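If you want the building blocks of each chain, they are given just below.
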Amino acid sequence: MEAVRIAENVYWVGAIDWNGRNFHGYDTPRGSSYNAYLIVDDKIALIDAVKAPFVSQMMERVRSIVDPKDIDVIISNHSENDHSSGLPMLQELTDAPIYASRKGIEHLPLNYGPLQLTKVNDGQELNLGKYNLKFMETPMLHWPDSMFTYLKELGILFCMDGFGQHFASSKRFDDEVDQGALYEEAAKYYANILMPFGQPYASAMEKVKGLDIKMLATAHGVIWRTDIHGILRLYDKWSKHQTEQKAVLVFDTMWGSTEKMAMAIAEGITAGGVTVRICKASATPRSVIMREILDSKAVVLGTPTLNLGMFPSMADVVVYMKGLKPRGRFGACFGAYGWSAGGVKALRELVTGSGLELPFEDLEVRFNPTEADLKRCHDLGLSIAKKIIMG
Ligand code: FEO
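Source: prediction; values computed, not measured. (Residues numbered from 1 in each chain as written. Predicted model: local features only at pLDDT ≥ 70, side-chain atom pairs only at ≥ 80, totals over all residues. Heavy atoms only, no water.)

**Observations regarding the domain arrangement of the protein**
Heads up, the rule is: These domain boundaries are the output of an automatic or database domain assignment. In this description, contact between two residues means that some pair of their heavy atoms is separated by no more than 4.5 Å. Here's the idea: put two parts together, see how much 1.4 Å probe accessible area each one loses, and the total over both is what we call buried area. We define a salt bridge as a contact between a side-chain nitrogen of Lys or Arg and a carboxyl oxygen of Asp or Glu at a distance within 4 Å. For the purposes of this entry, the term helix denotes a DSSP run of H or I that reaches at least four residues, the term strand denotes a run of E that reaches at least two, and both are numbered from the N terminus. Residues were grouped as follows: Ala, Val, Leu, Ile, Met, Phe, Trp, Tyr, Cys and Pro as nonpolar; Asp, Glu, Lys and Arg as charged; and all remaining residues, including Gly, as polar.
Entries for the protein in the domain assignment read domain 1 (4-239) and domain 2 (247-385). Computed over C-alpha atoms, the centres of domain 1 and domain 2 are 38 Å apart. Listed as interface residues are 13 residues of domain 1 and, on the opposing side, 13 residues of domain 2. Summed over both partners, the interface of domain 1 with domain 2 comes to about 1,100 Å²; 60% of that surface belongs to carbon and sulfur atoms. In terms of surface lost to domain 2, no three residues of domain 1 exceed Asn192, Met195 and Pro196, which account for 42% of the buried area on that side. Applying the counting criterion to the domain 1 and domain 2 interface returns one salt bridge. Counting only elements with at least two residues in the side of domain 1 that touches domain 2, the list comes to strand S5 (26-27) and helix H5 (179-194). Looking at the side of domain 1 that touches domain 2, the element that brings in the most residues is H5, giving seven residues. Each residue belonging to the side of domain 1 that touches domain 2 can be placed in one class, and the counts come to eight nonpolar, two polar and three charged.

Set out below in structure tokens:
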């Protein structure tokens, strides 16, 4: 396996995970990549590592350019395991010190035991010869230790999880891949990884303001070299929780009654002039639901009652969503029950505190919805659409 030259004396030496299908609960149907970069100057720097099972793939690429023993410094921009679990092996192979932020220095030994570590401060620079690196702490993108590394002379921002995509490809750049798939994976990545961190993102952007960025060298997926402004515009919108005139309706059903309600509500939303995406919780990965929530103003949630509580698949969705803290959106709860209610009440209680406002009364039906019940559902859909359109 060969390294890929991305600029003069700068190489991609990462690993492609074609068959990875899950990233801590996030479905990754297109796989992923763990990107690492080699800068060959008077000093040789390796930026980031890969997940432990992929070290041999990475080292083959490194060896196509240099002897690993010639690497002078390893820079760890982020201590999460997908980038750091290969570090102990890499340190053994290279005997190079690992540079990391203050929090990175704290995290890495807790995961891997003793390592040869050097702390770098926010704004600190490192001269490699012709090239200079600047380290910028970017806490919570996506962990407290995260930092960006900027290669000043070439305008390459090694931006870690920022702007990434779980998107395995034999291509390395944004302009070389299917654009629909690329932007879909970028949106899904933001929704499932970075959605809670709009404010830290804004702070990171303050730090890079004024830098001449010619490449966003991500830690996952392809490198942005052509549509840098496009992805920055999208991140600006997503980080401010700006949404479309769209609702996502997530439900599950036991004997079909909640599904009938869901369809009637969705009809009402459509009749009100708003786009709706319907997701049955037990048939849709939670990460796909989050991607739909990313650009939806309303999140409509429906559950049947099971043993006096909500359906487990809906609890899964809401617990996952709560952790990702969607803001600036509103919700509505509905559902059917039989011999006893309880599901919708439990749903409302769980949604409370998620960041979603719940401006409508819950809508509940006992057993099979009547025509009058379905009319109430349709009317709720119309009201939801009206509220979305009114902003
Ligand atoms: Fe790609 Fe937060 O790890």
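**What to know about the environment of aspartate 373**
The cut-off we apply is this: Note on classification: 1.4 Å probe, protein chains only; a residue is buried when its accessible area is under 20% of the maximum for its type, exposed when over 50%, partly exposed between these limits. Polar contacts, as counted here, are pairs of nitrogen or oxygen atoms within 3.5 Å of one another; within protein the pair requires one atom able to donate a hydrogen and one able to accept it, and residues that are adjacent in sequence qualify only if both atoms are side-chain atoms.
With respect to the helices and strands, aspartate 373 occurs in helix H12 (residues 371-390). For aspartate 373, a relative accessible area of 14% corresponds to the buried category. Residues aspartate 373 and methionine 261 lie 112 residues apart in sequence; the distance between their C-alpha atoms is 8.1 Å. Not counting residues up to four positions away in its chain, the partners in contact with aspartate 373 are Val365 and Asn368. Of note is the side chain of aspartate 373, whose polar atom sits 2.9 Å from the backbone nitrogen of threonine 370.

**A word on the environment of leucine 38**
With respect to the element layout, leucine 38 can be found in strand S7 (residues 37-40). Since its relative accessible area comes to 0%, leucine 38 is described here as buried. Placed 138 residues apart in sequence, leucine 38 and glutamate 176 show a C-alpha to C-alpha distance of 21 Å. The contacts of leucine 38, once residues within four sequence positions are left out, are Asn9, Val10, Tyr11, Val13, Ile44, Ala45, Leu46, Ile65, Val66 and Ile71.

**Let's talk about the pattern of salt bridges**
Taken as a whole and judged by the stated rule, the model has 21 salt bridges. The closest approach of N and O atoms between glutamate 176 and arginine 225, which form a salt bridge, is 4.0 Å. With glutamate 176 in the loop between strand S15 (156-160) and H5 and arginine 225 in the loop between strand S16 (215-218) and helix H7 (228-239), the pair connects residues that are 49 residues apart, well separated along the chain. Taking the shortest distance from any N to any O, the salt bridge between lysine 209 and glutamate 206 comes out at 3.3 Å. What makes lysine 209 exposed here is its relative accessible area of 59%.

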